[in-house]
Amino acid sequence: MSGLTEKSIKVFSKDKKEPLGDLYGLFFEDLNHAADGGLYAELVQNRSFEFDPIDRSDYHALTAWEKVERGEAEVTISVEDSFPLHENNPNYLTLKTKKVGDGAGILNTGFNSGIPLKKDEFYHFSFFARVDQAEKKTLTISLESKEGVLHASEELSLHSSEWKKYSLTLQCKSDDQSARLILTTNQTGTIYMDMVSLFPAKTFMDRENGLRSDIAQILADLKPKFMRFPGGCLVHDGSLDERARDSMYRWKNTIGDTEKRPSRRNNWKYNQTLGLGYYEYFLFCEDIGAKPIPVLPAGYDPHHHRIVPLENLQPWIDDALDLIEFANGNVSTTWGKIRSELGHPEPFGLEYLGIGNEEVGEPFFERYEYFHRAIKEKHPDIKLINSSGPFAAGGEYDRGWDSAKKNQSDLVDEHYYQSPEWFLAHYHRYDDFKRDEPKVFLGEYASWGNTYYNAIAEAAFMTGLEKNAHAVGLACYAPMLCNVDYINWEPNLIYFNNHQVFGTANYYVQKLFMHHQGDYTLKTESTGLSASEPPSIPTIGGQIKLIGEQSKAEYYKITLTNLETGEVKECPNALVENGIELLLGELHSKHYRLSFKARKLEGTRGFKVMFGEKDNQKLFWEIGGWQNQDSVISSMVNGRGSVLTQSLFTVKNDQEYSLDLEIKGRKITTYIDDEVINETVDKLPNIKPLYYSASIDSLTNEVIIKVVNVKDEAVLTTIDLQDYAKDKLKGTVYELSGYELTDVNSFEAPDKISPKQKDFEASNSFYEYEFPKQSITVFRFQ
Ligand code: AHR
């Protein structure tokens, strides 16, 4: 015991415990326009005239395009497909100029408010065009403000009656965040065009078909160990036909010349050009030093129950084998050669591969086995990632883990989006996980929100991930990117518009943990830092209601039994429709049971009960909720939900169900027709004085200690590093503190919440430190 203060953390710097490997990385999915209109630097929206109502009901082939008819000019524009540039890219624009006036042509409005331009910078324009035979044409390519102020202009001479690529570079005279790309002609006649593209010359690492440098840079700044891509739900939400517009994400569609890549309906309700494809993902990973973790569909779409028959599974397995060859094969292999021809003869060094994304249902796990066997047989060193559904516990979660254990998957992908309180209450989640079983890939997680409070809760939880490095192999916050004008999902790690980007408070936590991961955890001992047991645990008492949500159902034979007193209350029968909430009563006992019969009459969902409504919390049991596919118990704290457990269940119309909800302390058990369907404990956070972890960076021999103080009071603690430095301790401390819990970063104050850094020196190997209230502190001792 170090002895200077009542509380201490002793770190044994010579006692390395667990390798931390590739623990912290990135999750990338093209939602919130993360790729098109985001990381992918293309400035033209709908460059190949392929937008379609299948992507989004208000899209059409001319979305983001407008006619230009200045003065007396007269043009018609139409989208045709009789002589396409490529079969995968059928549409092209036909511009017919009848009168040239003061400018006849078309313009593109870009994404967000328009095309962002910077003074003196260069922009590469390119397009494919053809003209009718012997009709040589001149086209002026300009960048203009919305009001018509000219920023740049160059001329192109078109002469080919076959599709031909033309390009030029424009230099911009002024800054503008809402500019337009304008193509005008001063000759009458017809011009056909496709793949109209404008890229800033300055892309990340100056790559062609490259990435927006500010967004790529903020990602690179994190120094992630890996990047998972291309999603998310977009991997498996789609049809089985790889040539269909709404197909699942098939990687082979995403490589090679961009004009030959098909356009894809992104399930987040927009169009995906696939300009940012697998080759670009691999390159980006290499550029930022992150290991690539592709995730492939397994011929199963759990959202629409599309299932490839087992006898047709081989092409899907071949996709996986070919991808490994594409990434790692030498140039004499078929796919290694293709990679080389794309410009990368050296292998990309793929180590991990995910099969499936948050899968539910036996058909996936049946298919997973075939993938696993075929891949391991040919590539035993590839670490395979199985899936455990979209929730932190329950039947589908267990099914995923059982499959992973049976098949000896290397990792299991876990996903959960929960309240900050859930994260604090589940700090010990992985303590009992076994080292000789598949490791956890926490492939998607976030607490609901981007406030400083969320960041603190996530930081505390992450020290728990590090302490359990024997069980947790990889972890990435999700989602990562969000264009503020196209939001599908909140919260996110990073927000951007067409010219600005900022990291949230959560970003700065991830950054701290990534920069100071270390490569081994160290043994620690602490004094005075355990959470004190609360005098009593609150009951799940309060109001009980029946709720109508997208359904109409009869509820009858409703009884509420107080299991402590035996008292039974009978409630009247009810017909509950969408939008109706019906109060059954209020219970304050520790143990009770709600029993009822229910019959669904119509609607897309089943039954819903709210219980334990008290103060800032309430709980729900939903039977046949989203897509009428499961029975879920969830809690809501301060308006932020957490799914506690989920199991598959579908409610049939006109069928009577016997339903029971039993509460014993904080244990919740539900029964359908007398069979247990869900069982869970609604844990409450029992906040510790400090959350901490210790690791070492073996290369520099620096000891790293991360400490999170969640409470509203400073905590004085001694850091004891006796075996590390005999006389003097010195190093750097990085700290987040002094914010309101509700504080957030924004475009106006992008680094309001960001770590402050200072050097320190102590005269001996004990270091007394007052951890400010609600703070995150990282020490790097040299
Ligand atoms: O991260 C957003 C979405 O959440 C992902 O697409 C999906 O995997 C999860 O449900």
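Coordinates for the structure precede this section.
Nothing here was measured: the structure is a model prediction, and the numbers come from that model. (Residues numbered from 1 in each chain as written. Predicted model: local features only at pLDDT ≥ 70, side-chain atom pairs only at ≥ 80, totals over all residues. Heavy atoms only, no water.)

Draft legend 1. Structural view of the site of the ligand. Around the ligand lies a shell formed by F27, E29, G232, C233, W268, N357, E358, H415, Y417, E444, P479 and W489. At a separation of 2.6 Å, an oxygen atom of the ligand approaches a polar side-chain atom of E444. Protein chains shield 94% of the accessible area of the ligand, which is 280 Å² for the free molecule. In this structure, the ligand is accommodated by the largest pocket. A breakdown of the residues in the shell around the ligand according to their chemical character gives six nonpolar, three polar and three charged. (Near = heavy atom within 4 Å. Polar contact = N/O pair within 3.5 Å; in protein donor to acceptor, adjacent residues only side chain to side chain. Areas by Shrake-Rupley, 256 points an atom, 1.4 Å probe, with all protein chains shown as cover. 1 Å grid on protein atoms, 1.4 Å probe; cavity = no way out; pocket = protein on both sides within 12 Å on 5 of 7 lines; lining within 4 Å. Sits in = over half its atoms within 2 Å of the grid points. Nonpolar A, V, L, I, M, F, W, Y, C, P; charged D, E, K, R; others polar.)

Draft legend 2. Region of interest: the nonpolar core. If you look at the biggest cluster of nonpolar residues, it comprises 157 residues, and the most contacted ones within it are F28, L39, L353, I375, L481, F611 and W621. The element best represented in this core is helix 8 (residues 452–467), accounting for ten residues. With near-sequence residues (within four places) excluded, L39 lies in contact with F28, A34, G210, L211, R212, I215, A216, L219, L276, F284 and L481. Residues W65, Y166, L168 and L183 belong to the second largest nonpolar core, which totals 35 residues. (Core = buried A, V, L, I, M, F, W, Y, C linked by side-chain atoms within 4.5 Å. Buried < 20%, exposed > 50% of the residue type's maximum accessible area, 1.4 Å probe, protein only. Helix = DSSP H or I, 4+ residues; strand = E, 2+ residues; numbered from the N terminus. Contact = heavy atoms within 4.5 Å.)

Draft legend 3. Quick peek at the pattern of salt bridges. Overall, the coordinates contain 52 salt bridges when judged by the stated rule. Here R70 makes a salt bridge to E144, at a shortest N to O gap of 2.8 Å. Separated by 74 residues along the polypeptide, R70 in strand 3 (residues 65–70) and E144 in strand 9 (residues 137–144) bring together distant segments of the chain. Judged by relative accessible area, which is 30%, R70 ranks as partly exposed. Close ionic contact of R228 with D413 constitutes a salt bridge, the shortest N to O distance being 2.9 Å. (Salt bridge = Lys/Arg side-chain N within 4 Å of Asp/Glu carboxyl O.)

Draft legend 4. Region of interest: the sheet that holds strand 47 (residues 766–771). Spatially, 46-45-48-43-42-28-1-44-47 is the arrangement adopted by the nine strands of the open sheet, whose pairing is mixed. The open sheet has two free edges, formed respectively by strand 46 (756–762) and strand 47, since each of these has just one partner strand. The sheet shows a mean angle of 25° between the axes of neighbouring strands, direction not considered. Bridge count between strand 28 (residues 520–527) and strand 42 (residues 691–697): two bridges; the pairing is antiparallel. Within strand 42, the residue paired with T521 across the bridge is S695. Helix 9 (residues 505–515) rests against strand 43 (702–709), strand 45 (729–736) and strand 48 (775–781) of the sheet, and its axis sits at about 20° to strand 48. (Pairing = 2+ DSSP bridges. Axes fitted to C-alpha atoms, helices over the stretch in contact; angles between N-to-C directions.)

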